[in-house]
Amino acid sequence: MKLSDISLKEIFQAKKRIKAMVRPTPMIPSQALYDVLGKKVILKLENLQETGSFKLRGAANALLSLSDKQRDKGVLAFSTGNHGRAVAWVARQLGIRCVICLSKRVPAYRVAAMEKFGAQVIQKGDSQDDAYEVALKLEKDEELTMISPFDDPFVIAGQGTIGLEIIHHMPDIDTLVVPVSGGGLAAGIAKVMKTIDPSIKVIGVSMECAPAMYHSIKAGKPVEIEEKDSLADALLGGIGLDNQYSYPMVEQYVDTIELVSEKETEQGIVFAWQHHGIMIEGAAAVTLSWLLKKKLTMMGNHIAGILSGGNMDTTLFYNILSKYVRPEKRL
Ligand SMILES: *Cc1c(COP(=O)(O)O)cnc(C)c1O
């Protein structure tokens, strides 16, 4: 496999390019996690990013880097939700046509959000791979430019801008905890950390039920896994058997990928609400879920945890909270 990589320079260029469209998100110290771990933990609140997730950064960098011809024809994304939402939002800001292809597994509230942003949504099949087939056909027939959710150097550089913000505010960081699905988020941020200081530990977290990157790293090459439903629905989907960028970068820069259960993911969501008053989605909660497992020997003393998004169905959120939020159940 060809080793593809991006440089810190490209991440810095992304920062300049997306500045007007992306907000620097707050970083808050978590007293509650300090009480549990005895270690300083700063949470990076990408749930407060425009469109509700960090995916906006990569989408903005990719769309702002298109040629005039590509802009004229329009863009295409296949996505479990947050990437589609981000591409749709950026496309609308730039006046570019946008088509989103989804599997039928994607929850209705996520589809509605993309349609609200003016994207044309096409739902087909039970897996992301089925949606991908449709997208490939449209790419050819209508000359739309496909924007990958993770395996694209511009997307990875965009996500990497989170790393620049973290280093700026927390120069003494020694451990990064980051959710992993296709690996674009982890690849971009880990690149920043390891370039600046290779001793910074990068811990990726995925959900137990369908961790595609975890199995790929173990196998030494991208592998397919069976799709399952998960509370961390934004972490679902494969990494692509022809993965060129995110897989080699995760392999090189992420020290370990850890797994958390569905129950632990629920507890992460409840913890964020009870102690920080924020609603995060399952894919973001895995960061807290892993920290709450208290694997103290794996972490240093200055930890940054990425809360990657907050797009959660409010009924589901309510149902989870009502299971835990009673005086005797406080975590
Ligand atoms: C996409 C997404 C992730 C995973 O990002 P990858 O780049 O695919 O690893 C994590 N959390 C949220 C909220 C997401 O939308």
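Everything numeric in this text was worked out from a predicted model, so none of it was measured.

A. Local environment of the sheet that holds strand S3 (residues 75-78). Strand order in the open sheet formed by four strands is S5-S4-S3-S6, with parallel pairing between adjacent strands. Strands at the two margins of the open sheet, each flanked by one partner only, are strand S5 (120-123) and strand S6 (145-146). Of the strands in this sheet, S3, strand S4 (98-102), S5 and S6 touch helix H7 (residues 128-142), which is tilted by about 165° from S3.

B. Molecular detail of the pairing of S3. Every second residue of S3 is oriented toward a common face, with Val75 and Ala77 on one face and Leu76 and Phe78 on the other, all of them buried. Bridging between S3 and S4 involves four bridges; their strand directions are parallel. Looking at S4, one finds that Phe78 is bridged to Cys101. When S3 meets S6, the two strands line up parallel, connected through two bridges.

C. Focus on helix H10 (residues 212-219). For H10, the complete set of buried residues consists of Ala212, Met213 and Ser216. Projection of H10 onto a plane perpendicular to its axis shows the buried side chains occupying an angular sector of 90°, all on one side. In this fold, the buried residues of H10 make contact with helix H11 (246-253) and strand S9 (256-260). A positive backbone phi angle near 80° is found at Gly220, which sits one or two residues after H10.

D. Highlighting the sheet that holds S9. Strand order in this open sheet of six strands is S1-S2-S10-S7-S8-S9, and the pairing throughout is mixed. Bordering the open sheet on either side are strand S1 (27-29) and S9, each of which pairs with just one other strand. Pairwise comparison of adjacent strand axes, ignoring direction, gives a mean angle of 25° for this sheet. Pairing of strand S8 (residues 201-207) with S9 involves five bridges; the strand directions are parallel. Across the sheet, Ile203 pairs through a bridge with Thr256, a residue of S9. Against the sheet, helix H9 (residues 184-196) engages strand S7 (175-179), S8 and strand S10 (302-307), with an angle of about 170° to S7.

E. Local environment of the pattern of salt bridges. One pass over the structure, following the stated rule, counts 13 salt bridges. Close ionic contact of Arg97 with Glu142 constitutes a salt bridge, the shortest N to O distance being 2.8 Å. On the criterion of sequence distance, the pair formed by Arg97 in the loop between helix H5 (82-94) and S4 and Glu142 in helix H7 is long-range, its members being 45 residues apart. By relative accessible area, Arg97 is classed as partly exposed at 36%. Because the salt bridges share partners, they merge into one network encompassing Lys44, Glu46, Arg57 and Glu165.

F. Expanded view of the site of the ligand. The local shell around the ligand holds 16 residues, among which Lys55, Asn82, Ser181, Gly183 and Ser308 are the closest. Here an oxygen atom of the ligand and a backbone polar atom of Ser181 are 2.8 Å apart. Within the backbone of Gly182, a nitrogen or oxygen atom sits 2.9 Å from an oxygen atom of the ligand. Across the complex, the protein chains shield 98% of the 380 Å² of accessible surface that the ligand would expose by itself. Of the residues assigned to the shell around the ligand, the class counts are seven nonpolar, seven polar and two charged.

G. Representation of a negative patch on the surface within the structure. Together, Asp126, Asp129, Asp130, Glu133 and Glu224 line one region of the surface with negative charge. Owing to a relative accessible area of 41%, Asp129 belongs among the partly exposed residues under this scheme.

H. Region of interest: the packing of H5 against helix H6 (residues 108-116). For the pair H5 and H6, interaxial distance at closest approach is 9 Å and the crossing angle is 10°. Between H5 and H6, the crossing angle belongs to the class labelled roughly parallel. Along its contact with H5, which presents Asn82, Gly84, Arg85, Ala88 and Arg92, the element H6 presents Arg110, Ala113, Met114 and Lys116. Residue composition of the contact of H5 with H6, by class: three nonpolar, two polar and four charged.

I. Examining the domain arrangement of the protein chain more closely. Under the domain assignment used here, the protein chain contains domain 1 (3-53 + 156-323) and domain 2 (56-146). Centre-to-centre, using C-alpha coordinates, domain 1 lies 23 Å away from domain 2. Each partner contributes residues to the interface: domain 1 has 33 residues there, and domain 2 has 24 residues. Summing the contributions of domain 1 and of domain 2, the shared interface buries around 2,200 Å²; its carbon and sulfur component is 51%. When the buried area of domain 1 at its contact with domain 2 is split by residue, Met21, Thr51 and Glu227 rank highest and sum to 30% of it. Counting every contact that joins domain 1 to domain 2 gives two salt bridges. On the surface where domain 1 and domain 2 come into contact, there are nine residue pairs in polar contact (both at pLDDT 80 or more). Partitioned by chemical class, the residues of the side of domain 1 that touches domain 2 number 10 nonpolar, 10 polar and 13 charged.

The rules behind these values
- Residues numbered from 1 in each chain as written.
- Predicted model: local features only at pLDDT ≥ 70, side-chain atom pairs only at ≥ 80, totals over all residues.
- Heavy atoms only, no water.
- Pairing = 2+ DSSP bridges.
- Helix = DSSP H or I, 4+ residues; strand = E, 2+ residues; numbered from the N terminus.
- Contact = heavy atoms within 4.5 Å.
- Axes fitted to C-alpha atoms, helices over the stretch in contact; angles between N-to-C directions.
- Buried < 20%, exposed > 50% of the residue type's maximum accessible area, 1.4 Å probe, protein only.
- Arc of directions from axis to C-beta.
- Salt bridge = Lys/Arg side-chain N within 4 Å of Asp/Glu carboxyl O.
- Near = heavy atom within 4 Å.
- Polar contact = N/O pair within 3.5 Å; in protein donor to acceptor, adjacent residues only side chain to side chain.
- Areas by Shrake-Rupley, 256 points an atom, 1.4 Å probe, with all protein chains shown as cover.
- Nonpolar A, V, L, I, M, F, W, Y, C, P; charged D, E, K, R; others polar.
- Patch = residues over 30% accessible without salt bridge, like charges linked within 9 Å, V, L, I, M, F, W, Y side chains within 5 Å.
- Lys, Arg positive; Asp, Glu negative; His and termini not counted.
- Charge placed at Lys NZ, Arg CZ, Asp CG, Glu CD.
- Parallel < 35°, antiparallel > 145°, perpendicular 65-115°, else oblique.
- Domains from an automatic or database assignment.
- Buried area = accessible area lost by both parts, 1.4 Å probe.

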